[in-house]
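The primary structure of each chain is shown beneath.
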Amino acid sequence: MRPHIDDEALWTPFKSHADFEFAEIAHQATLNKDQTDRLLKLLWRIVDGNTNFTLKSHADLLKAWDLAASQMTPFEKHVIPVKHKKDTLEFDMHAWPLWNWAMDLLSEPLLAPHFSSLPNNGVPFAIILYADKTHLSSSGAVKGYPVIARCANLPVDIRNRDGIGGGQVVGWLPIVPEDSGEDGKLSYTNLKRIVWHESFFKLLESIILYAKTGFAHECYDRITRWSSECLISIIFGHFYMFNGRCVMALIWGTHGNCPCPVCLVPSTKLCDHATMYPLQTAKEVQARVQLYFDDRVAGEDALKEHGLRPIKNVVWSVPNSDPHEIISQDSLHLWHMGLFGRHKFEDLKKRVGDLGREALKKVDDQFSTFPRWRNLNHFDRVTNIAFSDGNKFQDISKQIMYASQNILTRNEDKAGYALLRCIASYLELDMYISLDVHTTDTIAAGEAELLVYQKLLEVITKNWNFPKAHGGKHIFHDQHGPIKRAYLRQTNHKDVANQLLKLDHISLVSELIRSRISHLDEERLRRIASERELENDEDESKDDRTFIGHIHLGSLQSLVSFASVEEAHSSNRAFAHFRKKFTTFLNSFLPSNNIPLPNGSTWLRPAAEDTLQEYCYLKVNYESFVDWKLATDYLRCNPDFYGHERHDCALIRTHDKDGNDQNIFVRLLFMFKYVVSEQTLDLALVQPMDSCLDLHFTHLRAVLLLKASSEFISLRSIICGALLVPDYDSDTDFFLVDYVDTDMFLCSQRKFF
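The text that follows walks through the structure, step by step, so that each part is easy to find. (Residues numbered from 1 in each chain as written. Predicted model: local features only at pLDDT ≥ 70, side-chain atom pairs only at ≥ 80, totals over all residues. Heavy atoms only, no water.)

## Digging into the overall build of the chain
Right, so step 1: For the chain, the count of helices and strands is 23 helices and 23 strands.
Right, so step 2: A buried classification covers 48% of the 753 residues belonging to the chain. (Helix = DSSP H or I, 4+ residues; strand = E, 2+ residues; numbered from the N terminus. Buried < 20%, exposed > 50% of the residue type's maximum accessible area, 1.4 Å probe, protein only.)

## Topic: the packing of aromatic side chains
Right, so step 1: On inspection of all chains with the given rule, the structure shows 32 aromatic pairs.
Right, so step 2: Ring centres 5.6 Å apart and planes at 75° place the aromatic pair Tyr292 and Phe293 in the edge-to-face group.
Right, so step 3: Residue class for Tyr292 comes out buried when judged on its relative accessible area of 11%.
Right, so step 4: We classify Phe293 as partly exposed; its relative accessible area is 42%.
Right, so step 5: An aromatic cluster is present here, built from Phe562, Phe575, Phe578, Phe582, Phe585, Phe589, Phe670, Phe672, Tyr674 and Phe712 joined pairwise through their rings.
Right, so step 6: Of note, Arg150 hangs over the ring of Tyr130, and the distance from its end group to the ring centre comes to 5.0 Å. (Phe/Tyr/Trp six-rings, centres within 6.5 Å; stacked < 30°, edge-to-face > 60°. Lys NZ or Arg CZ within 6 Å of the ring centre and 35° of its normal.)

## A closer look at the pairing of strand E1 (residues 76-84)
Right, so step 1: Alignment of E1 against strand E2 (residues 87-95), held across nine bridges, turns out to be antiparallel. Residue pairing in the sheet places Val82 in a bridge with Leu89 of E2.
Right, so step 2: Linking two consecutive strands that pair antiparallel, namely E1 and E2, is a turn of two residues; a positive phi of about 60° is found at Lys85 within it. (Pairing = 2+ DSSP bridges.)

## Brief notes about helix H1 (residues 17-28)
Right, so step 1: Compared with the 16 Å implied by 1.5 Å per residue over 12 residues, the 17 Å span of H1 between its first and last C-alpha is a close match.
Right, so step 2: Thr30 occupies a position one or two residues after H1 and carries a positive phi of about 50°. (Expected span 1.5 Å × (residues − 1).)

## Let's talk about the layout of surface pockets
Right, so step 1: Reported here for the second largest pocket is a volume of approximately 880 Å³.
Right, so step 2: At the level of secondary structure, the elements contributing two or more residues to the lining of the second largest pocket comprise strand E13 (611-623), strand E14 (630-641), strand E15 (644-647), strand E17 (661-676) and strand E22 (724-726).
Right, so step 3: In terms of residue class, the lining of the second largest pocket is made up of 19 nonpolar, nine polar and 10 charged. (1 Å grid on protein atoms, 1.4 Å probe; cavity = no way out; pocket = protein on both sides within 12 Å on 5 of 7 lines; lining within 4 Å. Points joined across faces, edges and corners; volume = space filled by probe spheres on them. Nonpolar A, V, L, I, M, F, W, Y, C, P; charged D, E, K, R; others polar.)

## Quick word on empty space enclosed by the protein
Right, so step 1: Counted as a void, the largest cavity has a volume near 90 Å³.
Right, so step 2: Around the largest cavity, the lining residues are Phe242, Arg245, Pro259, Cys260, Pro261, Val262, Gln329, Pro467, His470, Gly471 and His474.
Right, so step 3: Looking at the lining of the largest cavity, the elements that each hand over two or more residues are helix H8 (242-249) and helix H17 (467-471).
Right, so step 4: Looking at the lining of the largest cavity element by element, the count peaks at three residues for H17.

## Focus: the packing of helix H14 (residues 390-404) against helix H15 (residues 414-434)
Right, so step 1: The contact between H14 and H15 brings their axes to 10 Å, and the two run at 145°. Seen along the crossing, H14 lies across H15 with a hand that is left-handed. Seen from H14, the contacting residues are Gln394, Ser397, Lys398, Ile400, Met401 and Ser404; seen from H15, they are Leu420, Ile423, Ala424, Tyr426, Leu427, Asp430, Met431 and Ser434.
Right, so step 2: For the contact of H14 with H15, the class distribution of residues is eight nonpolar, four polar and two charged. (Axes fitted to C-alpha atoms, helices over the stretch in contact; angles between N-to-C directions. Left-handed = near helix turned anticlockwise from the far one by under 90°. Contact = heavy atoms within 4.5 Å.)

## Some points on the pattern of salt bridges
Right, so step 1: This model, assessed by the stated rule, comprises 14 salt bridges.
Right, so step 2: The closest approach of N and O atoms between Lys392 and Asp389, which form a salt bridge, is 3.8 Å.
Right, so step 3: Judged by its relative accessible area of 32%, Asp389 falls in the partly exposed class.
Right, so step 4: Via salt bridges that share partners, Lys673, Asp682 and Arg716 belong to a single interconnected network. (Salt bridge = Lys/Arg side-chain N within 4 Å of Asp/Glu carboxyl O.)

## Details of the side chain of Gln613
Right, so step 1: Tracing the chain through its elements places Gln613 in strand E13.
Right, so step 2: What makes Gln613 buried here is its relative accessible area of 12%.
Right, so step 3: One polar contact links the side chain of Gln613 to the main-chain carbonyl oxygen of Gln557, over a distance of 2.5 Å.
Right, so step 4: Not counting chain neighbours up to four residues away, the residues in contact with Gln613 comprise Leu556, Gln557, Ser558, Leu559, Met671, Phe672 and Lys673. (Polar contact = N/O pair within 3.5 Å; in protein donor to acceptor, adjacent residues only side chain to side chain.)

## Comments concerning unusual backbone geometry
Phi is mostly negative for residues that are not glycine, and the peptide bonds are mostly trans.
Right, so step 1: Positive phi values are uncommon outside glycine, yet Thr30 reaches one of about 50°.
Right, so step 2: Turning to its location among the elements, Thr30 is positioned in the loop between H1 and helix H2 (33-47).
Right, so step 3: Backbone geometry at Lys751 places phi at a positive 55°, although glycine is not the residue there.
Right, so step 4: For Lys751, the position within the fold is in the segment after helix H23 (742-749).
Right, so step 5: In this structure Lys751 comes out as exposed when scored by relative accessible area, which is 58%.

## Things to note about the side chain of Glu182
Right, so step 1: Here Glu182 is to be found in the loop between strand E7 (168-172) and helix H6 (186-213).
Right, so step 2: The contact partners of Glu182, leaving out residues within four places of it in the chain, are His84, Lys85, Ser187 and Tyr188.

## Concerning the environment of Trp464
Right, so step 1: Relative to the elements of secondary structure, Trp464 occurs in the loop between helix H16 (440-459) and H17.
Right, so step 2: Along the primary structure Trp464 and Leu339 are separated by 125 residues, whereas in three dimensions their C-alpha atoms are 9.8 Å apart.
Right, so step 3: Here Trp464 is in contact with Cys271, Leu339, His343, Lys344, Asp347, Leu457 and Ala469, once residues within four sequence places are set aside.

Below is the structure:
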């Protein structure tokens, strides 16, 4: 007997068949929350007849994308013939001509206001190129070699993002296949380098003429600007891995006598940062390579002495360009994944592990209780997890000292203590390297810290004579996830380069159209959005929405009376005599800010039933210490922020007991608005930090917290936010995390508090 199925209950507990079908598709497509919400909003706009929808099939969608893709220059395929032994091998290379890419950027209205403004007779156009061989499949069997371009004329926050104006794939280099019979042979290794340089030439070919002659371009303001030859030729090569930089510079690398692509440091002196070795130059390298072609014996000796390969460098074809000068370094791979992630972090875990399981657990527990902060990854544990993300390593490095300073002490482990000192110097260097804008002072300070770092390395019993350790020597002179996902989800794993580049091109066009729509939506929103709507907004995805003024309060709570505030926080001594203390503050604050007391009174006495408007979220605008642009900190004062109590800290302007100006740290306890004489005051109850001192061995900055003490402040006295972490062996001491970002780092270095 066949089972009976109730036709009306097939899709239970979904309310309808259509609801289930939508949920099934969303699940199979692994749509995230934002994508699901956007799709649902679109469906309801269609259902309600508020928009015109014409697509009926996948073929219609592809046709629409093909038409849209014509808005930007497509990729071109090139066949690269290379002679090897008696054969001529052919390799496919795909390129978006750099000249066309540049013109697309210059012609985009949304980017036009952001391009660097220089005199009409001398506007440089600077291109930053990144090349990184990457695994596309999880097994590592399928590899890609994308080249990504960024325009250095655009602000850092634009060129380093995804989308319009950000990094864009402009080339796809061929990869010479592995051959067990040929790998390791000099001729086959040289073949790989020749293929790379011949292919890269196709990418550079379209700009070579303009690098020599310059060009005229009519900008968005209708002014024709001329780019002179010496300026257009500024091209920075930025190659992630050390091997990539060796391919670019055509040196032997770790097996050569001079393994640095920038200077002629001997292979035995790679950790010597104090000595300035002669720089590699294109002119000298060209002479040695030419000598090889003229006199094989003499040339071979000259090339071997300097660790060079007998191949002509593609960058020589670009006027005024020197491959050894334009190679820069990527701190994500060199510093965060390399020196810290693969070396210092592993060494530290070993030192802690030698102290026993309790020590490892203590590090993890202290990581787990580390205060949360915007754009800083939070970790519940780190000692038994393998990380492969450079950004994760960077965030671990910013927290590791604070989570282990009471474990790797001088008395418990002298070697571990020395390692912590080395990590502190490493962080100092990382901060200087991370600065978006350098001055002669910051470069000098970074170079001085590099020498301190070298001395601290020498104390640690480990061989640091390898290329990554040397990379820091030149770092102050330098001044691919979406592709993998597309490979896994949207290709048939055949003819990979052609499919991926088409998908990437569609993504760019999609970003272009979306940017224009978003720009229009923002303009409309700016005209109609009310302040009340902004105050109710605590959506993290909208944190970047700009506002006018110094501060903006958000996450509006219910109105509360003075009596209910005191009752709700009766167990917290900082809230003791809340109304009485507020009365004293108010009667001092109002006259000092020329705010008249209501009804001509001489002393204002708020009643217990008077109300306050509480808020749990604060944005603070301030002038960046790094680039003098507008920066924003996002602060929380929330008893239950995603399951965790959060009371962020801030740096404020105030006066000492003698009336002198001073800057101190405070912890936010309660933020609110209070209306006096029809004037709204933005205020907060805070815990002030009593003192600030340096701990000499790690650069940690200790701050004493007076738990029972509290006072009221105007939120407009806040300079910026501050991340403070507790000294886990003390109830009153906190450490300032001045490595959380470059603004707080410079603020600390300049003794701003």
